[in-house]
Amino acid sequence: MSFKATVLTLYPDMFPGTLGQALAGKALATDTWSLETVQIRDFATDRHRSVDDTPAGGGAGMVMRADVLATALDTTVAADDPRPRLLMSPRGKPLTQKMVRDYAASAGMLIVCGRFEGVDQRVIDARGLEEVSIGDYVLSGGEIAAQVLLDAVVRLLPGVMGNETSGQMESFEAGWLEHPHYTRPAEWEGRGIPDVLTSGNHAKIADWRRAEAERLTRERRPDLLPPRNTPTGRDKG
Ligand code: SAH
């Protein structure tokens, strides 16, 4: 049983988009995962097929209607579908590699892509949509955010990455940023490769990589490092 993604969107033609190429695209072609898109507008009931309306309380922009989106959800997904139901949203829980790993271990995911000013709060509450953000900036719609999320998840599905271990030692998995990489040519524009990497001494190479990862993390993302010098048992004091 492969991982199944269902995406509800007003722009199904944006899919598979980037997910149709490279690693994710190959995995899609070999049925390691499947992608179903649902056109939310198909569930509109009035003769203008409207999916949005003006915000209650006034103000700029439009809001996606609860009734149309709920019908789209209820028609597409069975009540006992075990997959997480997400809404891409700048107000959501910030996406982390830990969340990505948990999603990759699930049966798939259902993703709603917002547009306009967002979605009527009542459908978020009534259908228990989990809001997920891909970062502290505002996109014009949830489609690219959904592709970011699915790209991160699909690469972790069994059999997708050529080298199974490469998912483990890289940035965020180990709790720190990854060490720098080098490849041939051995000299380029007068720049060499750190000697240790061509030494063949695997223990030394591992030490160097660990030290570089720690250095980079300390310089760029000290927030990722485990808390130091915390007096044990007194952290709450
Ligand atoms: N008025 C909203 C922004 C709406 S952007 C606000 O100020 O919070 C329109 C849609 O784009 C959203 O409904 C959401 O689905 C998507 N979107 C925008 N930024 C996003 C982000 N950082 N992460 C995930 N989805 C985002």
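Model, not experiment: these values are computed from the prediction.

**Student:** Even after reading the chapter, I still don't get the overall build of the protein, so can you show me in this structure?
**Tutor:** Within the protein one finds six helices and seven strands. For the protein, the sequential pattern of α-helices and β-strands runs β-α-β-β-β-α-β-α-β-α-β-α-α. By principal-axis analysis of the C-alpha atoms, the protein measures approximately 70 × 55 × 40 Å. Looking at the protein as a whole, 38% of its 237 residues are labelled buried. At a minimum sequence separation of 6, the contacts of the protein that also span at least 24 residues come to 74%. Total accessible area computed for the protein in this model is approximately 14,500 Å², and 51% of it derives from carbon and sulfur atoms. Side-chain charges of the protein comprise 28 positive and 33 negative groups, with the mean position of each set lying 4 Å from the other.

**Student:** Looking at this structure, I do not really get the nonpolar core. What am I missing?
**Tutor:** Generally speaking, a soluble globular protein has its nonpolar side chains buried in company with each other. Membership of the largest hydrophobic core comes to 28 residues, with the highest contact counts inside it found for Trp33 and Met109. Contributions of two or more residues to this core are made by strand E1 (3-9), helix H1 (22-29), strand E5 (85-94), helix H3 (97-104), strand E6 (108-112) and helix H5 (142-154). With seven residues, the single largest contributor to this core is H5. Those residues in contact with Trp33 that sit more than four places away from it in its chain are Ser2, Phe3, Ala5, Leu19, Ala24, Ala27, Leu28, Val154 and Leu157. Membership of the second largest hydrophobic core comes to 22 residues, among which are Leu8, Ile40, Ala72 and Val123.

**Student:** Is there a simple way to think about the site of the ligand in this case?
**Tutor:** Inspection of the region around the ligand gives 18 residues, with Met88, Gly114, Gly135, Tyr137 and Leu139 positioned closest. Between the ligand and Gly114 there is a distance of 3.0 Å, counted from an oxygen atom to a backbone nitrogen or oxygen. Separating an oxygen atom of the ligand from a backbone N or O atom of Gly141 is a distance of 3.4 Å. Protein contacts shield 84% of the accessible area of the ligand, which totals 560 Å² for the unbound molecule. If you map the ligand onto the pockets, it falls in the largest pocket. Residue assignment for the shell around the ligand shows that the elements contributing at least two residues are E5, strand E7 (130-133) and H5.

**Student:** Whenever I open this one, the domain arrangement of the protein confuses me. Can you help?
**Tutor:** Many descriptions give the size of an interface as the accessible area lost when the pieces come together. Domain annotation of the protein identifies domain 1 (3-154) and domain 2 (164-224). For domain 1 and domain 2, the distance between their C-alpha centres works out to 36 Å.

**Student:** When you look at the UniProt feature "binding site: S-adenosyl-L-methionine" (unreviewed entry) in the protein in this model, what are you seeing that I'm missing?
**Tutor:** UniProt marks Gly114, Ile134, Gly135, Asp136, Tyr137, Val138 and Leu139 with the feature "binding site: S-adenosyl-L-methionine" (unreviewed entry), using the numbering shown here. None of the other annotated residues line the largest pocket; only Gly114, Ile134, Gly135, Tyr137, Val138 and Leu139 do. For Ile134, the position within the fold is in the loop between E7 and H5. When its relative accessible area of 23% is taken as the criterion, Ile134 is described as partly exposed. Excluding residues that lie within four positions of it along the chain, Ile134 makes contacts with Met88, Leu95, Leu139, Ala145 and Val148. By the element assignment, Leu139 lies in the loop between E7 and H5. In this structure Leu139 touches Ile134 and Ala145, once residues within four positions along its chain are discounted.

How each quantity is defined
Residues numbered from 1 in each chain as written. Predicted model: local features only at pLDDT ≥ 70, side-chain atom pairs only at ≥ 80, totals over all residues. Heavy atoms only, no water. Helix = DSSP H or I, 4+ residues; strand = E, 2+ residues; numbered from the N terminus. Buried < 20%, exposed > 50% of the residue type's maximum accessible area, 1.4 Å probe, protein only. Contact = heavy atoms within 4.5 Å. Areas by Shrake-Rupley, 256 points an atom, 1.4 Å probe, with all protein chains shown as cover. Lys, Arg positive; Asp, Glu negative; His and termini not counted. Charge placed at Lys NZ, Arg CZ, Asp CG, Glu CD. Core = buried A, V, L, I, M, F, W, Y, C linked by side-chain atoms within 4.5 Å. Near = heavy atom within 4 Å. Polar contact = N/O pair within 3.5 Å; in protein donor to acceptor, adjacent residues only side chain to side chain. 1 Å grid on protein atoms, 1.4 Å probe; cavity = no way out; pocket = protein on both sides within 12 Å on 5 of 7 lines; lining within 4 Å. Sits in = over half its atoms within 2 Å of the grid points. Domains from an automatic or database assignment. UniProt positions renumbered as here; feature names shortened; annotations may be inferred.

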